[in-house]
Amino acid sequence: MKATAIAHKDYTIARIDDRVYSAFLEHLGRAIYTGIYEPDHPTADKNGMRGDVAQLVRDLNIPYVRYPGGNFVSAYNWEDGVGPRDQRPVRLDLAWHTSESNQVGVHEFADWCDTVGTKMMLAINLGSRGLDEARNFVEYVNGPTGSYWGDLRKKNGRAEPFDCRLWCLGNEMDGPWQVGHKTAEEYGRLANETAKALRAFDKSLELIVCGSSNSDMKTYPEWERIVLEHTYESVDHISLHMYFANRNKHPGNYLALNHKLDRYIETVASTINLVKANKRSKHQVYISFDEWNVWYHSNEQDRAILAGNEGWPHAPRLLEDVYNFEDVLQVGCILNTFIRRSDSVKIACIAQLVNVIAPIMTDPMGAAWRQTIYYPYYFASIFGRGTALNLAVTCPGYDADVADNVPYLDISGVHDEEGGTVSFFAVNRHPTEVLDLSLSLQGFGAQGRVIDHQVITHPDLFAVNTAVNPMNVAPKQGAGAIVEDGALKLGLPPFSYQVIRVALT
Ligand code: AHR
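Figured I'd write up the structure that's included with this text. A quick note: this is a predicted structure, and the numbers were derived from the prediction, not measured. (Residues numbered from 1 in each chain as written. Predicted model: local features only at pLDDT ≥ 70, side-chain atom pairs only at ≥ 80, totals over all residues. Heavy atoms only, no water.)

Overview of the sheet that holds strand β1 (residues 2-8)
Backbone hydrogen bonds hold the strands of a sheet together, and the pairing may be parallel or antiparallel.
Moving on, step 1. Pairing within the open sheet is mixed, and its five strands lie in the order β16-β1-β21-β25-β24. Two strands bound the open sheet, and with one partner strand each, they are β16 (392-394) and β24 (482-484). Taken over all neighbouring pairs, the strand axes of this sheet differ in orientation by 20° on average, direction set aside.
Moving on, step 2. In this structure, strand β21 (residues 435-443) lies alongside strand β25 (residues 487-492), joined through six bridges in antiparallel fashion. Paired with Ser440 across the strands is Ala487, a residue of β25. (Pairing = 2+ DSSP bridges. Helix = DSSP H or I, 4+ residues; strand = E, 2+ residues; numbered from the N terminus. Axes fitted to C-alpha atoms, helices over the stretch in contact; angles between N-to-C directions.)

Here it is, written out as structure tokens:
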């Protein structure tokens with residue numbers, strides 16, 4: 001099967017905001033405890049943080065990590081996680097029916113962010129709490145010493161403000177499952193008043209208001225319109241979430257789901273513009289897609305804990321999806337969508353980062369390894385920085401549940417002007433046929449030369465990586481990609497993911 005594409009240096013979408021390669025860590029299951037934090041682990045540092053996990057995270061070059069929730073944040077008291085550790089209370093976590101020891105709080109998390117070379121993006125509890133706790137938390141984190149909250153932070157070991165720039169005004173407040181769930185009107189008013197108070201403290205903070213938990217919510221997209229009518233001038237981003245599942249074991253339908261994601265982004269971008277026009281505003285709100293990933297493999301095994309049948313365990317194995325090769329293709333397509341929508345999406349967070357629906361898995365007191373989906377996320381984060389190209393693609397397609405004529409080729413292109421390279425991220429959705437791709441580079445006015453070509457493919461869609469076989473699904477050097485007559489030419493094997501990088505000089 002043949003596919004063609006045209007890339008031109010002036011035919012661009014937007015400068016990609018590096019923050020689309022961000023991630024998320026929640027006090028949920030083993031994300032924190034025996035995930036990033038395990039003081040007895042042989043690789044633990046002086047703060048009790050696992051060195052093996054830190055290295056796998058560092059390699060990803062993640063700009064921001066959203067913390068501490070998620071559903072967890074909607075009944076969280078941030079004060080429980082500061083001060084002497086032996087005096088911190090154990091609390092019941094209503095979101096996940098577990099116990100929270102509070103041995104990790106904002107100080108420990110901030111130190112870990114420094115260790116792994118990332119920054120924190122903090123979520124505020126607007127479920128069980130309100131404006132006053134929000135402003136106290138922000139003052140504690142960012143305020144000067146010589147005032148109550150800044151001095152308390154200093155007493156707890158940190159004189160310098162943490163200087164957190166990104167703040168989420170609650171989490172999934174449209175969801176009936178959320179502690180303190182609200183209507184769009186209730187939430188819009190609370191978010192706006194909270195945003196105004198936070199801006200009175202520091203007008204340069206970047207504030208993120210809750211959009212829909214997914215595009216199947218009954219309140220979508222009216223939720224976005226109403227919330228933005230209340231908050232438009234006081235926030236910078238609206239948050240969207242989406243999780244992907246192959247429930248009926250149909251690869252074609254599953255791998256088309258990023259078309260639904262694309263429509264979701266397009267609809268919310270249009271809603272933003274509608275409200276902007278209604279308000280005659282110059283201000284531009286963007287999308288923070290701060291939870292996305294595949295989530296379905298672990299649903300069955302989680303039922304007993306979530307139903308409360310197992311009491312209130314501390315750091316149980318919850319949401320531990322073991323990802324397969326098919327999920328590599330899915331994550332590759334999702335990331336391609338964020339690159340292609342980089343004019344609207346300025347932040348995106350893979351949810352989550354360690355153990356809980358995550359690219360990194362650990363055994364308590366044992367190994368840490370890369371799940372299959374680690375790789376497409378890694379390649380996009382490392383090589384997907386620059387300007388997104390508006391590729392003109394021609395390729396046969398197929399009809400799927402969510403869209404008709406879904407092209408077998410899903411591809412994005414990123415021009416790194418400084419490095420003099422163009423990187424292409426490509427998924428062949430076809431189960432049996434090689435895609436012969438000819439991608440014209442004449443618009444770059446240079447011949448070009450392939451400098452890297454990585455392929456992930458596997459005969460078994462359901463192949464996984466485990467502690468004993470961590471490299472079962474992993475990238476391999478590709479063969480046969482060349483630049484010839486001003487075009488990049490290569491064959492993409494059936495069901496495959498690849499990165500092809502071209503030097504332009
Ligand atoms: O990431 C898991 C959960 O998914 C989060 O806690 C919540 O925000 C979403 O529903």
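Things to note about the packing of helix α3 (residues 131-142) against helix α4 (residues 148-155)
Moving on, step 1. Look at α3 against α4: their axes get within 7 Å of each other, and the N-to-C directions meet at 55°. Taken together, the axes of α3 and α4 lie oblique to each other. Crossing hand, α3 versus α4: right-handed. Only Trp149, Gly150, Leu152 and Arg153 of α4 make contact with α3, whose side of the interface consists of Asn136, Glu139, Tyr140, Val141 and Asn142.
Moving on, step 2. Residues of the contact of α3 with α4, tallied by class, amount to four nonpolar, three polar and two charged. (Parallel < 35°, antiparallel > 145°, perpendicular 65-115°, else oblique. Left-handed = near helix turned anticlockwise from the far one by under 90°. Contact = heavy atoms within 4.5 Å. Nonpolar A, V, L, I, M, F, W, Y, C, P; charged D, E, K, R; others polar.)

Looking at the site of the ligand
Moving on, step 1. Around the ligand lies a shell of 13 residues, among which Glu26, Asn71, Glu172, Tyr243 and Glu291 are the nearest.
Moving on, step 2. One of the backbone N or O atoms of Asn71 is found 2.9 Å from an oxygen atom in the ligand.
Moving on, step 3. A distance of 2.7 Å separates an oxygen atom of the ligand from a polar atom in the side chain of Glu291.
Moving on, step 4. Expressed as a share of its isolated accessible area of 280 Å², the protein-covered part of the ligand is 96%. (Near = heavy atom within 4 Å. Polar contact = N/O pair within 3.5 Å; in protein donor to acceptor, adjacent residues only side chain to side chain. Areas by Shrake-Rupley, 256 points an atom, 1.4 Å probe, with all protein chains shown as cover.)

A closer look at the packing of helix α10 (residues 325-340) against helix α11 (residues 374-383)
Moving on, step 1. Viewed as axis vectors pointing N to C, α10 and α11 meet at an angle of 25°, and their least axial separation amounts to 8 Å. The orientation of α10 relative to α11 falls into the category roughly parallel. Note on packing geometry: the crossing formed by α10 with α11 is right-handed. The segment α10 lies against α11, with Val328, Val331, Gly332 and Leu335 engaging Pro376, Tyr377 and Ala380.
Moving on, step 2. When the residues that make up the contact of α10 with α11 are grouped by side-chain class, the tally is six nonpolar, one polar and no charged.

Overview of the state of the cysteines
Moving on, step 1. For the structure on display, the rule yields zero disulfides.
Moving on, step 2. As a non-bridged cysteine, Cys164 has Cys168 as the owner of its nearest cysteine sulfur, 8.6 Å distant.
Moving on, step 3. A residue is classified by how much of its surface remains accessible, and Cys164, at 2% relative accessible area, is buried.
Moving on, step 4. No disulfide involves Cys333; its nearest neighbouring cysteine sulfur is the one of Cys395, lying 12 Å away. (Disulfide = S-S within 2.5 Å. Buried < 20%, exposed > 50% of the residue type's maximum accessible area, 1.4 Å probe, protein only.)

Focus on the nonpolar core
Moving on, step 1. Membership of the largest hydrophobic core comes to 155 residues, with the highest contact counts inside it found for Trp112, Phe289, Leu353 and Phe424.
Moving on, step 2. The element contributing the most residues to this core is α10, with nine residues.
Moving on, step 3. Formed jointly, this core draws a minimum of three residues from each of two domains, domain 1 (2-9 + 388-504) and domain 2 (21-317 + 330-365).
Moving on, step 4. The residues touching Leu353, leaving out its near neighbours within four places in the chain, are Ala23, Phe24, Leu25, Val57, Leu60, Ile62, Val65, Trp112, Ala358, Pro359 and Ile360.
Moving on, step 5. In terms of nonpolar packing, the next biggest core, distinct from the first, is built from eleven residues, Tyr64, Cys168, Ile347 and Cys349 among them. (Core = buried A, V, L, I, M, F, W, Y, C linked by side-chain atoms within 4.5 Å. Domains from an automatic or database assignment.)

Description of the sheet that holds strand β10 (residues 237-244)
Moving on, step 1. Strands sit in the order β3-β4-β7-β8-β9-β10-β11-β12 around a closed barrel of eight strands; the barrel is parallel. In this sheet, adjacent strand axes meet at a mean angle of 30° when their direction is disregarded.
Moving on, step 2. Here four bridges tie strand β11 (residues 286-294) to strand β12 (residues 345-351), and the two strands are oriented parallel to one another. The residue bridging Ser288 from the neighbouring strand is Ile347, located in β12.
Moving on, step 3. Where helix α2 (residues 106-116) meets the sheet, its contacts fall on β4 (64-67) and β7 (119-124), and the angle it forms with β7 comes to roughly 150°.

Let's talk about the pairing of strand β9 (residues 206-210)
Moving on, step 1. The element β9 is extensively covered by neighbouring structure, given that four of its five residues are classed as buried.
Moving on, step 2. As judged from the four bridges shared by strand β8 (residues 166-169) and β9, these two strands associate in the parallel manner. Within β9, the residue paired with Leu169 across the bridge is Val209.
Moving on, step 3. Remark: the β8/helix α5 (residues 184-201)/β9 crossover connection has right-handed handedness.
Moving on, step 4. The pairing of β9 with β10 spans three bridges and is parallel. Considered in β10, the bridge of Val209 is made with Ile238. (Right-handed = clockwise from strand over helix to strand, strands pointing away.)

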